[in-house]
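# Per-entry structural report
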Amino acid sequence: MAAGDFRPVYHPAGHDHDLRAALQDLRTGRWLAMRNLLESTPDWALWTQRTQVLAAVAAGSDTVQAWLTEEPRSAAAAVMHARVTVERAVRAHRERRPSAQELWQEAWQGCRSAAHASPEDPVPWVCLLALSQIDEGQRLEEHRLLPPGPMLFPGPWGLLAEADRRDPFNREAYHRMLQFVYARQSSGSLSEAVNFVQWAASSAPEGSALHVLPLYVRVERYRREHGSDHALDLHWVTEDGERDARRALGVWFASAEPATRSLLDLNHLAHALWGSLRFAEAAPVFRAMGPYYTSAPWAHRTRTPRDPAGTEDVFLRARSRCLAAGQAPGRVPHG
């Protein structure tokens, strides 16, 4: 296919073809493929990712409840039930629906039941972290524990520790903690977010997706400043912006097993390298995506972030520019 004919594909399963098949069955109200997929999932990182994607689709139906009714002793069904109830509660809160409080209570109980059914599983604790962002005023004591280090904020550190104990440096757990920071009623939430992701990445091993976290905060700052009089494209070529991008490239992308790389993380890294004008270094990241892409963060570089065509156009222009640079003969990357 010629470069001009390339059209990216958005699919929540990304490169996970087994997950794609399970999602197809799930959309028709069948749960057997979901159960079999989860039974064959080899590690907590993939388990966390798959249950999250499955729940986003299952939240609109009663398929998981049917599975749990059919197999009430299934720990996987209990975890998926927690996932679905949390997804519904978070959506209701985001949309300010009157049912949000009732759904929050159901989800909280579902998480506790799942933690009891599967005590070694990090996902129930990740789910409780997801619920913590709903408690914007930090009314619950477990959401305002003292932090483990200076320059950090009171928050659900006990929940993060429980997830960390079961799956150290669990990607979603730290992203949920970042979402909690954004939801805090604090004018300093962005500076708190910067402190948090720097703290998280500082202790993460090579290959950990936590090294990509600073790129997400940079996108959030750009999003909040969009429409101001600043020259926003300069946001990406600052010294610290370039440093964050190159660190994620070297410490995460170059060290992680390809099968473990999140498609969303790949998009954030490619976007950061493109934005900081490191086109040739972005080329292998674009190639690693294959035919897939995600709307974030590209949508934030358009005038109308909810316009899929505009988002795709930004992505395609960035991809074309970087792949061309990566193929240029004799090109020496910036260094």
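Residues numbered from 1 in each chain as written. Predicted model: local features only at pLDDT ≥ 70, side-chain atom pairs only at ≥ 80, totals over all residues. Heavy atoms only, no water.

### Topic: the nonpolar core
With 100 residues, the main nonpolar core has Leu-54 and Phe-286 as its most contacted residues. Here the element with the most residues in this core is helix 5 (residues 75-94); it accounts for 10 residues. Not counting residues up to four positions away in its chain, the partners in contact with Leu-54 are Leu-19, Ala-22, Leu-23, Leu-26, Met-34, Leu-37, Leu-38 and Met-80. (Core = buried A, V, L, I, M, F, W, Y, C linked by side-chain atoms within 4.5 Å. Buried < 20%, exposed > 50% of the residue type's maximum accessible area, 1.4 Å probe, protein only. Helix = DSSP H or I, 4+ residues; strand = E, 2+ residues; numbered from the N terminus. Contact = heavy atoms within 4.5 Å.)

### Digging into the pattern of salt bridges
Per the stated rule, a full pass over the model turns up 24 salt bridges. Across the pair Glu-220 and Arg-223 runs a salt bridge, and its minimum N-O distance is 2.8 Å. A residue pair is termed a helical-turn pair when its members lie 3 or 4 positions apart in one helix, as Glu-220 and Arg-223 do in helix 11 (residues 213-225) at 3 residues. Glu-220 gets classed as buried once you look at its relative accessible area, which sits at 13%. Here Arg-278 ties to Glu-242 by a salt bridge, and the two come within 2.2 Å at their closest N and O atoms. Of this pair, Arg-278 sits in the loop between helix 13 (263-275) and helix 14 (279-289) while Glu-242 sits in helix 12 (residues 239-253), and the two are 36 residues apart along the sequence. Counted as one network, the salt bridges with shared partners bring together Arg-218, Asp-240, Arg-243 and Asp-244. (Salt bridge = Lys/Arg side-chain N within 4 Å of Asp/Glu carboxyl O.)

### Examining the packing of helix 1 (residues 17-27) against helix 2 (residues 32-39)
It is the contact of helix 1 with helix 2, at a shortest axis distance of 7 Å, that shows an interaxial angle of 155 degrees. In terms of orientation, helix 1 lies roughly antiparallel with respect to helix 2. Where helix 1 crosses over helix 2, the two elements pack in a sense that is left-handed. Across from Asp-18, Leu-19, Ala-22, Asp-25 and Leu-26 in helix 1, the residues of helix 2 making contact are Ala-33, Met-34 and Leu-37. (Axes fitted to C-alpha atoms, helices over the stretch in contact; angles between N-to-C directions. Parallel < 35°, antiparallel > 145°, perpendicular 65-115°, else oblique. Left-handed = near helix turned anticlockwise from the far one by under 90°.)

### Concerning the packing of helix 9 (residues 171-183) against helix 10 (residues 189-203)
For any two helices packed against each other, one specifies the inter-axial angle together with the distance between the axes. In contact at an axis separation of 9 Å, helix 9 and helix 10 are set at 160 degrees when each is read in the N-to-C sense. On the basis of the axis angle, helix 9 is roughly antiparallel to helix 10. By crossing handedness, the relation of helix 9 to helix 10 is classed as right-handed. Touching Tyr-174, Met-177, Leu-178, Val-181 and Tyr-182 of helix 9 are Ser-189, Leu-190, Glu-192, Ala-193, Phe-196, Val-197, Trp-199 and Ala-200, all from helix 10.

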